[in-house]
Every structure is written in C-alpha cells, then in structure tokens.
Amino acid sequence: MNSKTLISLAGIFAVTLALPSYAAKPIDLDGDGVKAAQDCNDNDASVWQLNSCGVCEVEPVNGCAVSPHDGLAWTDYPSACMNCHDGGEGGSQYQEMFGSTHYQWTGETPDMTNQGGTLQGKLTNAVNSYCINIEGDWPVCGSCHAGRGTKPGEGDTVANVDCLMCHNKDYALNRVRKSDGSLGPADGTAQADLDGYVQNIAAPERTNCLKCHAYAGGGDGVKRGDLSSALMANGDAHFDVHMNVTGANLQCQDCHKFESHRVIGKGSDLRPTDDIVRGAEINCANSSCHDGMDSGTGHASSGRRDEPDRHVSRVACQSCHIPTYAKDLGAANHMPTEMHRDWQFHHDGTPADGVSGPGHPHTDKLANQVPEVRFWNRKSDNYLLGDLAKVDPETGLYPTSRPLGDANDGKLTPFKYKTAHQPMTSADSRMIALDTFEYLKGSGDAVKAIENGLANMGYATNEPYEWIETDTFQMINHGVNPASDVADCTQCHSTDLDLTTDSKLDAMGFKLKGPKEQVCAQCHDGTKNLPRTHERMHNHVEKGSGIGCYFCHDVQRPERNLCSPCDASCPAEFVDNQPFPHQCSN
C-alpha cells in the first residue's frame, strides 16, 4: 500500500470520526468494530452477538455443553439454584430478588405526594380502578407474583423466589396457580419439559415480562393500553418500532435496566420506586439510544424537522411519538384496552347478583385511542386503602391516580384515561376493597363481595355504602411509531385561533391571561387584525429580543431566554400602548 493510499484512508477515517452521531442509528459505542443495531451488548467490547449457546457472552472455550445447568432435573429446583446463587459461587441473586419490588410488591415512594416516603404497593395499600385492592384475593391477583405461591410476609423465605418466571420463557407461559396454592407448571407437563426448564436458563426476554405485564387487570391488553401479548413476537414497526423482531428487537431490560435485580422505569400510577439510587425515570436521549435529541438542536441536526426542538424541554417524547394506543392494525392478536369497568354487572351484561355465578365485571373496551395529554412533574397522588375519597372538581369523579404538574411545572405527557363504577362507604367516604376472589371465583355476587371487603377492612358487614365513579390516568410509554409517523401538530394545536372557545391547550393553562383586547393593547392600538394561525401568532417570539410567553399567558418559559414583562428593560422594548397589570414576584 503506497503513502497516497494511506493518506486517503486516514482522511476518510478522520471524516468518519467527524460525522455526527444521528439518533436511533447503529453506533459502535463500545469500540468492538461492530456498528449495528443488533449489537446485543454495547457495554462490552468483546461481544456483539449471541454465541452458539444463545447467550450474549464470549463463546465458551469448552463449548455450550458444559453449562452448569445441563445436568439438572426438575427435582433439583430450587435447591440447586440456591446452592449457587444464595451466597454461593454464583452470587447472592436470591437475596437481591427477595428485596426487590418485583418480589415484595411494596417499596419506598419518593415520587408519591400521598404519604410519600412510606412503603406502598399492590401487596398492601394500593387502590386502583381495576381490581381495586388485593385484600382477600391473593390466589388470583398473586398469580403473577415472582414467587412460588406464598404471599410475601406470610412465612416466606428466599426459597419462595421463582427464578424461572424470569429466566425461562417456556416455564413462564406454562406457570399456573395450582390446587395447593403453589405456583408452577400445569399438571401433566411432560418430564422432558420440566427438566428443560431448569436446564435452559437465559436472560429475561419480552415473553417473560409480558406474561404478567400484558395480562394485568384481568386480560390481554386490559390494563396499560400500551402493553399486550402481541409484543412478544411483534413484526410491525408501526405497532411498536422498538419491540419489533424485524427491527431493533429490543428486550424490556434494554430500557428498564436492572442492577442487582432492581429496575428503573414505572408508570405514573405505580407507587414504589425499586431503585432509590437511580430513581424511576428512563431517559431515551442517552448515549446508547437517541443521543442528543433532548438538547434543543437534536432534531434539526439529524436532518429532521426543527420545530420539535422548541418543545423537548416541556413535551415528553411519547406525546409526539405515540399518537395512539391500544393499536389495532388488523392483526388478530391486537387487543383493545379497558376504558370503563362496572362491578354491578358481569362481562356478559347480567347482574352480578350471584344467580349467574362468578365472572369478570362488565368492561367497555376500545382500540386506537388518542392519549389524554397533561403536564406531569413526575410526582403523583395515588389513592391508598383507607384514604378519604374526594371528588376531583376537574372531572367530577373520584380519582384513584393523579399525575401532578401544570403548564409551569412538568412535561406534557400522554395518558390513558379510564373510569370505573365501584363501591364506597357512605358515612366516611372510603373506597371499599371489594373481595374480588368472591366475585371472580366464588359466588359472583357483588353484594357478598362488598360485605367480605368491608369485613376485611374492619367494618361491619352491614356498613352502608354507595356506588361511585372513579377515574385514573396511566402514562403511555410503549407503542412508539417510526419517526416518519409521529403525531400531527393538531393533536395539541388548533388549526386556527378561535378565542371564543377554550382549546385543549387553554384548558391546560395556556389561555390568554386577560381579555384579548386588553392583552393585545399592550403593543397594538386595535387597528391590526389578529393573526389567524398558531404559527403566525407565535412569531412574536422572534421580534426584537423575543416577546416572552408571560406577556400574553400565565406561562413562563425561562429556558428560551425570551423577554419577560417582569424584566424592567423588556416592557420598554415592546409595550408602547397600555401596560398590563402582570403579577411579578420580587
């Protein structure tokens, strides 16, 4: 190779290094020479693809046949696992898992304003608009617990941890609640399959996680609206661009990263934070994913539209990139999600009076729903068992979960909004933890289930009660569309400036801070026609030093470095007619 060739190659290499790292493109972050979205571990330069054992590790010197699990039989579970992973050669994974929220179903709650800092969770005091509360129904609600059947706190030990629920997807799909109360493979499972469960151990896959999370609330896709079993083997980028076997094919833990069996990321209606050190938030704009897309220039610098860059500090990525949830794109396994539940009737519309036997409560389900958007500051007020129930004047219903924030505090975030018809004590306004086991598996009689629930809560069974409407907001995070198919701006912004009616943004705090004539009179004498489009009206921010939002709205955006009417030098630049009585703090 001559010197000119070397110089040319060096130049090409230098140019390559100078190119920007476009978001969502394959990047060789670990320097292993592989620049591919399929790199299974970009934190380890020695590995980029699954080895012949199907594991994201260096190829074993002696091949796969020497796995320590190969010689195990079903009868070795869990003793063999504990010998190695409960303080033995393999580590202390049993202790880690035993202390996690996935096992305990309670945890510390730094993000909750309702008794924040106390232990909260679905095992004890959490109340929702689905199955209300777990009181009296461990057999059904506990069927998705990561244990082997015993309820945490009732004589359980680390031996109750069910490793296979997360580390063998075939086992996870086959696990059921057995007649003796334990959780395990269905009766009649072939011995070869049983032995295979303990011999074939792997990192969790989407199937493991979705066996529980997709079926929460009583059925496939029922609860969250953005999770269903269709994601186990989804091949449609428009259904979910990330969990897509023909594309990125991300596993849950690619975003919900685990350390010592503690995980980050949770919904706004979920109470515990599993990893107190790392917190609950997942940041998509990190070095291994969409690097720099939250910088304020990331969209434009990657060759995309530039107006999203004005929004990133106040609008969550999901608000634009998940225009609909509970998607039905034509596949048979695309499921609608529950939008309303009524405990006075069974799923077939018959009264829940015990005559027709047990069954699921009546539900209204819908597909292809547009999220409700609200400002969320990552704090929530979620109802707890025994709390005083109060009507939310905004909705007129009793809330079970409220994301907190406003136009000056938080990011615009998409939510599923869902309601329910459920019982509450009349004298002291406490939501009743209706005994769902009595309802779902016993008599099916709502009255009997309420009486059992009252007794479980310490009330007399004849305590007067009434039926109320509750509602809940649940953050939408999954089902991201390809970048070419984001939400239209009209999802938030109206096509014209009709000041005679309140728009969606007006309701969230962006309404003019006074009558139009008074607000506009700061700068205009009334002879100029009002611009008729959102873009033309908001060109004011480009005039002079930039007219700040607070001139016209009770909203401030200090990060945009616009001129504020509370800055003594700014009104002199813009206001030449009638000053407005802005409320400015000292």
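Residues numbered from 1 in each chain as written. Predicted model: local features only at pLDDT ≥ 70, side-chain atom pairs only at ≥ 80, totals over all residues. Heavy atoms only, no water.

Novice: Any chance you could explain the overall build of the chain here in plain terms?
Specialist: Check the secondary structure of the chain and you find 17 helices and eleven strands. Residue burial in the chain is summarised as follows: out of 586 residues, 40% are buried. Counting only contacts in the chain whose residues sit at least 6 apart along the sequence, the fraction spanning at least 24 positions is 64%. Between the centroid of the 47 positive side chains of the chain and the centroid of its 78 negative side chains there is a distance of 4 Å. (Helix = DSSP H or I, 4+ residues; strand = E, 2+ residues; numbered from the N terminus. Buried < 20%, exposed > 50% of the residue type's maximum accessible area, 1.4 Å probe, protein only. Contact = heavy atoms within 4.5 Å. Lys, Arg positive; Asp, Glu negative; His and termini not counted. Charge placed at Lys NZ, Arg CZ, Asp CG, Glu CD.)

Novice: In this structure, what is going on with the side chain of S429? I would like to understand it.
Specialist: Considering the arrangement of structural elements, one finds S429 in the loop between β10 (411-425) and α12 (436-440). Judged by its relative accessible area of 19%, S429 is buried. Ignoring anything within four residues of it in the chain, the contact list for S429 reads Y383, D387, L388, A389 and M424.

Novice: What is the right way to read the pattern of salt bridges from this model?
Specialist: One side chain can pair with another of opposite charge once the charged atoms of both are near each other. What the rule picks out here adds up to 18 salt bridges. The residue R278 makes a salt bridge to D275 at a minimum N-O spacing of 2.8 Å. One salt bridge in this structure joins K418 and E338, with 3.0 Å as the shortest N-O distance. In this pair, K418 sits in strand β10 while E338 sits in strand β5 (residues 337-346), placing the two residues 80 residues apart along the sequence. Residue class for E338 comes out buried when judged on its relative accessible area of 0%. (Salt bridge = Lys/Arg side-chain N within 4 Å of Asp/Glu carboxyl O.)

Novice: Just to check I follow, could you spell out helix α13 (residues 446-456) for this structure?
Specialist: One turn of the α-helix equals 3.6 residues, which is why residues spaced by three or four share an orientation. The complete set of buried residues in α13 reads A446, A449, I450, N452, G453 and L454. Residues of α13 that are buried in the fold lie against β5, β10, α12 and β11 (465-475). Sitting at the amino-terminal end of α13 is D445, which places a side-chain oxygen 3.0 Å from the backbone nitrogen of V447. Following α13 by one or two positions, G458 has its phi on the positive side, about 95 degrees. (Polar contact = N/O pair within 3.5 Å; in protein donor to acceptor, adjacent residues only side chain to side chain.)

Novice: Can you help me understand helix α9 (residues 206-213) in this one?
Specialist: Buried residues dominate α9, accounting for six of its eight residues. Looking only at α9, the buried set comprises R206, T207, N208, L210, K211 and C212. On the buried face of α9, the contacting elements are α6 (164-167), α7 (169-174) and β1 (175-177).

Novice: I'm lost on the side chain of H145 in this one. Help?
Specialist: In this fold, H145 is placed in the loop between α5 (138-141) and α6. Owing to a relative accessible area of 0%, H145 belongs among the buried residues under this scheme. A polar atom in the side chain of H145 sits 2.4 Å from the backbone oxygen of Y103. Residues within four places of H145 in sequence aside, it is in contact with H102, Y103, W105, W138, T150, P152, N160, R175 and L183.

Novice: So what exactly am I meant to see when it comes to the nonpolar core here?
Specialist: The tendency in soluble globular proteins is for nonpolar side chains to be buried as a group. Membership of the largest hydrophobic core comes to 18 residues, with the highest contact counts inside it found for A389, Y398, M431, L434 and Y439. For this core, the secondary structure elements donating two or more residues are α12 and α13. Broken down by element, the residue count for this core peaks at four residues, all from α13. (Core = buried A, V, L, I, M, F, W, Y, C linked by side-chain atoms within 4.5 Å.)

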